[in-house]
Every structure is written in C-alpha cells, then in structure tokens.
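A look at the structure
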Amino acid sequence: MSGNLLLINGRIKTMDPENPLVEAVAIRDGIVVAVGSNAEAKAATAPKHETIDLNGRTATPGLNDAHAHPRLVGMALDDLVISTPPVNTVAEIVAMVDEAAERRAPGSWIIGRGYDQARLSDQRHPTRADLDPVSPDHPVLLFRACHHIGVANSAALSLAGIDRHTPDPDGGQIDRDEDGEPTGVVRETALTLVQEAIADPTQDDLEGYIARGLRAFLASGVTSTVEAGIRRPEELRAYQALWRRGELPARSYLMMIIEETLDELIELGIQTGLGDPMLRIGPAKLFSDGSIGGRTARMRKPYEGQPENVGLWMQDPDVMTALVKKAHSAGFQVGIHAIGDAAIDLILDAYEAAQMSDPRPNPRHRIEHCSIVDLETIDRIARLGVVPIPGTSFLYHFRDAYVQNLGMERIRHVYGMRSYIDRGVIAAASTDAPVVPTSATIGLQTMMTRRDMDGNEVWTDESVSLDEALRAYTVNGAYASHEEHLKGTLRPGMRGDVTAFETDLDSVSADEIGQVRVDHTIIDGVIVYSR
Ligand SMILES: [Zn+2]
C-alpha cells in the first residue's frame with residue numbers, strides 16, 4: 001500500500017546534511033518526490049493527495065528501533081506489568097497475582113514482567129513461598145526487568161520438572177534455600193527450563209501478537225523495527241502471513257537465531273537481505289552473555305562485592321567463534337548479544353578473525369546492546385566497521401543496577417553516544433522492548449541527558465544533541481540494516497516514512513523530550529497511526 005501525502009508548514013528534520021531543515025515534503029506513490037519549501041512540495045505533489053499541516057511541529061524520517069521484540073511486546077499485553085516502580089513491594093506483586101488467579105481459568109499461566117529486586121523496598125526477589133498461597137491452581141512466572149532472571153511458583157516449577165534434585169543446567173542457576181529446596185528464583189538457562197514448560201503459541205496466536213506489538217511501535221513513531229529473535233518456524237511464518245495479506249503494520253528486519261538452524265539456512269542459500277522493504281531476513285543472531293542487572297554479563301573483572309563472579313558465557317567461546325566464521329562466510333550479517341566488556345572483546349575477536357580469513361565488503365556485523373566499552377574498544381569497533389546497537393533507554397530504567405553491580409568507573413562510556421560519534425562509529429538506537437517500553441522519545445531524552453527516571457546522572461559528557469540522537473534513531477538504524485539507500489533520510493527517491501511529533505522538539509527542554517507524544521506515523525506515504 002502506498003499513498004500520496006503532502007506535509008507543509010513544518011520544521012522537518014530530514015537527516016540529509018545537504019538540506020537539514022525544511023518546511024515541506026511531498027510523497028507520491030509512497031516515495032518522497034520533493035523536500036523544501038511549501039511551494040516546491042505543492043508543485044511536486046500528486047493531483048489527489050492528503051495534506052498534513054504541521055503548523056510548526058517537528059517531523060523526522062520514520063523512527064527505526066534497531067533491536068526490539070515486537071512479538072513479545074504483543075504477547076506482554078496479556079501479562080501483568082510489575083515494573084518497579086510503580087509496583088514497589090513484593091506484597092503488591094503478590095496481590096496482582098492473586099487478582100489474576102481469580103479471573104483466569106485454573107491451569108492457565110500467569111506471567112508478570114518487569115520487577116527489579118534492587119528497586120523493590122524488600123530489596124529481594126519474590127519467591128515461590130510468596131506466590132504459592134495465592135496461586136495454588138495456576139503456574140506463575142515473573143520476569144525480572146532484564147528477562148534473564150525469573151521467579152516461578154511451585155506449580156510452574158513442577159511443570160518444568162524442577163525440584164531439589166534438579167542440577168543447575170549449563171549456563172544457569174536454580175537458587176536454593178538452606179535446605180536445598182528451590183526458592184523459585186531461576187537464572188538464565190534455568191529460566192529457559194521454566195519458559196519451555198509454557199505451551200508454544202500457535203501461528204494464529206503469533207500473528208495476533210506480532211500485529212499488536214508492531215502497532216504499539218507505530219504509536220511510538222517507529223516505522224522500522226528489528227525483530228531480535230526468530231527461533232521457531234511458526235514465528236517466521238506468522239511474519240510472512242501478515243506480510244502476504246498486507247497486514248504487517250511496520251517494516252520488520254528479522255534476526256535469525258542460528259544455534260540450531262545455521263546449516264539449514266546455508267543449504268537453502270538464504271542470506272541477510274532477502275525480502276523486500278517491508279519484511280527482510282536480517283542478521284544471524286547469537287547470544288554471548290547475560291545482563292548487568294542479573295550479574296550475568298561476562299566481565300573482564302568481577303562484579304562489585306563478588307570477587308568470584310565475572311558473569312556467564314551463554315555460548316562456549318570456541319563454538320561462538322566458529323559459528324561467526326561460518327555465518328560470515330555464508331553471507332550473513334551477524335548480530336550478537338554482548339553486554340559485558342569480556343563478551344564484547346570476544347565478539348570483536350571473532351568478527352576480526354572471520355573478516356581476516358574471508359574478507360567481505362562492509363559486512364556491518366553488529367553487537368547487540370554493546371554496553372560496557374572503554375575508548376580502546378570503541379576505537380576497535382570503529383576500525384573493524386562494527387555497528388553497535390546500544391539500548392538507548394536502558395540508563396533511564398536501569399541506572400541503579402548498573403551502578404550497584406559495576407560501580408561508576410566501569411560504566412564511564414556505557415551506551416556512550418558522544419564517544420561513538422566522535423570516534424567515527426555508527427551506532428543505532430534501540431529499546432529492546434518489552435525489556436523497556438517502546439517509547440522512542442525516552443530514548444532520545446536519555447541520549448541527550450544521560451539521566452535516569454529519578455534524574456540521576458551517568459557521565460553526562462557522553463550526552464549528544466537532539467539532532468545527533470535523532471540520527472541514531474533514523475539514518476543509523478537504516479545503516480544497521482543495509483538500507484540507508486531506502487530510508488532514514490528524507491530526500492527525493494527515499495521511502496515516504498515520516499514521524500510527526502505534537503510540538504517543535506527544538507523548543508522542548510532535553511529532560512522533557514520523553515513526554516512528547518507522536519501525532520502521526522507514516523509509512524510509504526500512508527498515515528498508519530494518528531493520536
Ligand atoms: Zn533483545
């Protein structure tokens with residue numbers, strides 16, 4: 001579907017350095033045909049078209065969230081939102097589970113997402129002892145905000161086959177009390193054991209989740225998303241079914257989790273880039289480590305107060321290096337979840353080795369999140385042409401956990417957009433939703449202020465300007481998916497994707513950008529969301 005649209009009287013930030021701020025844009029058959037004055041745009045517009053009078057408001061190229069989980073965002077709409085804050089105590093969480101158990105059929109799962117034990121007034125994880133009294137007939141699984149740690153009640157543990165005799169799985173941990181009984185807290189692959197006990201959604205369910213999830217991104221002004229993890233064939237089929245029916249709400253670049261499927265993909269000849277501008281096969285995805293909040297990100301040095309804990313490898317380093325080489329040589333862009341500095345070192349080694357043994361022009365291998373970096377690492381990222389995908393609103397939500405677990409010095413350049421820009425790295429903004437909400441403006445605000453939701457700072461010399469933050473959310477995202485010739489800037493010939501905000505962003509102070517709402521979201525010249 002493509003439209004004819006005229007945007008006039010705006011403050012339109014094109015992200016085109018030759019023509020950065022214009023009044024009007026004309027889109028014809030979904031493609032930008034004129035960028036300039038009202039008169040120039042009107043002259044180029046199609047005879048039949050819609051008009052948006054921006055009346056001094058800001059518009060930008062459609063925003064690009066370079067790492068998110070639209071399917072899980074849609075799924076999470078059924079789940080309890082137990083984010084800390086506003087849910088500040090274990091007792092409040094238990095009350096919410098109690099209420100859900102009264103409403104839902106016995107045997108159905110109750111899922112909650114977003115608690116953070118570091119911010120709960122109890123200063124601890126909930127346990128099955130908290131949950132069991134209110135949920136004798138429902139399996140319950142509560143995810144910590146990072147989604148690397150969870151809490152299961154007894155019904156869920158028993159469905160997962162976990163009891164006092166179950167050994168910790170490789171790369172995971174089942175927390176136990178003094179008597180050796182599981183407390184319900186499960187980490188990394190132990191959490192996966194519980195998740196695997198939940199029945200897989202059908203393709204029909206998945207189509208609904210994906211469509212709902214992507215519509216949530218549209219409401220945040222996001223026209224392009226990256227689905228950071230296709231694991232099951234039903235997931236890929238659901239995306240294709242929506243695309244085939246013309247019902248895929250936003251552009252989707254699919255990361256393929258290759259642990260089990262790389263050989264099949266290679267045998268079929270599938271490579272990154274297959275598809276069209278709405279739906280495309282993206283990078284080969286792997287996981288190297290965990291999270292900072294869960295103290296499972298792999299670090300060069302131990303976590304604060306835990307001299308033995310340097311985090312976990314989610315994948316054996318030699319296996320990882322071999323998989324990278326294979327995927328690289330088969331024509332995949334590679335995108336690896338790496339948060340700790342040791343994990344990032346390993347991934348850079350693997351990318352460098354792959355490129356040395358089999359040079360490819362501009363593979364743009366990515367590091368998903370790429371959290372703990374120093375200036376040497378940033379220079380190495382620049383030299384290797386690697387694309388970091390920082391979680392650009394993580395500091396807003398998780399600053400306290402970062403400080404507690406790593407101290408201030410090691411987070412000196414965490415998601416350091418200033419250093420990335422100054423050292424020639426193209427870093428693309430992302431939310432990782434549903435880990436944090438889909439809001440792009442919170443990401444812009446956090447890049448600009450380096451402040452969390454309570455106003456606490458993290459090394460503000462890594463702050464960037466509004467226009468720099470917008471570049472990270474537009475043209476850099478297009479670059480990260482090899483699509484900067486199609487989108488990310490507004491100039492003739494580009495796709496007609498536009499985000500129109502409720503006000504002139506330059507008139508808003510940096511610490512209020514996150515409150516600015518999106519008025520219209522436009523894909524291929526069609527208004528796909530209006531407030
Ligand atoms: Zn993710």
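Now for a description of the structure that goes with this document. All figures in this text were calculated on a predicted structure; none of them were measured in a lab.

Cut-off values and rules
Residues numbered from 1 in each chain as written. Predicted model: local features only at pLDDT ≥ 70, side-chain atom pairs only at ≥ 80, totals over all residues. Heavy atoms only, no water. Helix = DSSP H or I, 4+ residues; strand = E, 2+ residues; numbered from the N terminus. Rg over C-alpha atoms; globule rule 2.2 N^0.38 Å. Buried < 20%, exposed > 50% of the residue type's maximum accessible area, 1.4 Å probe, protein only. Contact = heavy atoms within 4.5 Å. Areas by Shrake-Rupley, 256 points an atom, 1.4 Å probe, with all protein chains shown as cover. Lys, Arg positive; Asp, Glu negative; His and termini not counted. Charge placed at Lys NZ, Arg CZ, Asp CG, Glu CD. Axes fitted to C-alpha atoms, helices over the stretch in contact; angles between N-to-C directions. Parallel < 35°, antiparallel > 145°, perpendicular 65-115°, else oblique. Left-handed = near helix turned anticlockwise from the far one by under 90°. Nonpolar A, V, L, I, M, F, W, Y, C, P; charged D, E, K, R; others polar. Core = buried A, V, L, I, M, F, W, Y, C linked by side-chain atoms within 4.5 Å. Pairing = 2+ DSSP bridges.

1. Digging into the overall build of the protein
- Broken down by element type, the protein carries 17 helices and 23 strands.
- Here the protein has a C-alpha radius of gyration of 23 Å; the compact-globule value for 531 residues is 24 Å, and the two agree.
- Dimensions of the protein along its principal axes, counting C-alpha atoms only, are 80 × 55 × 50 Å.
- In the protein, which comprises 531 residues, the share counted as buried stands at 60%.
- Intrachain contacts of the protein at a sequence separation of at least 6 include 73% that bridge at least 24 residues.
- In the form shown here, the protein has an accessible surface area of approximately 20200 Å², with 50% of it arising from carbon and sulfur atoms.
- Put simply, the protein has 51 plus and 78 minus side-chain charges, and the middle of one group is 4 Å from the middle of the other.

2. Quick notes on the packing of helix 15 (residues 440-449) against helix 16 (residues 466-473)
- Closest axis-to-axis distance for the helix 15/helix 16 pair is 9 Å, and the angle between their directions is 130°. On the basis of their axis angle, the class for helix 15 and helix 16 is oblique. Remark: the crossing between helix 15 and helix 16 carries right-handed chirality. Contact residues: Ala440, Gly443, Leu444, Met447 and Met448 in helix 15; Leu466, Ala469, Leu470, Ala472 and Tyr473 in helix 16.

3. Looking at the packing of helix 11 (residues 341-357) against helix 12 (residues 375-384)
- Orientation of helix 11 relative to helix 12, taken along the N-to-C sense of each, is 25°, at an axis distance of 11 Å. In this view, helix 11 runs roughly parallel relative to helix 12, as classed from their interaxial angle. Viewed along their axes, helix 11 and helix 12 form a crossing whose handedness is left-handed. In this structure, helix 11 contributes Ile344, Asp345, Leu348, Asp349 and Glu352 to the contact, and helix 12 contributes Thr377, Arg380, Ile381 and Leu384.
- Looking at the contact of helix 11 with helix 12, its residues break down into four nonpolar, one polar and four charged.

4. Here we look at the nonpolar core
- Counting 74 residues, the largest nonpolar core has Val324, Ile367, Tyr420 and Met447 as the members making the most contacts within it.
- For this core, the element with the highest residue contribution is helix 11, accounting for eight residues.
- Setting aside residues no more than four positions away along its own chain, valine 324 makes contact with Leu286, Val334, Ile336, Ala350, Tyr351 and Ala354.

5. Re the pairing of strand 11 (residues 140-144)
- Most of strand 11 sits inside the fold, with five of its five residues counted as buried.
- Side chains Val140, Leu142 and Arg144 of strand 11 all project onto a buried face; the interleaved residues Leu141 and Phe143 project onto the opposite face, where all are buried too.
- Of the strand pairs in this sheet, strand 11 and strand 12 (residues 149-152) are connected by three bridges, and their pairing is antiparallel. Residue leucine 142 lies in a different strand from strand 12, and its bridge partner there is valine 151.
- Here strand 11 hands over to strand 12 after four residues, with histidine 147 in that stretch at a positive phi of 65°.

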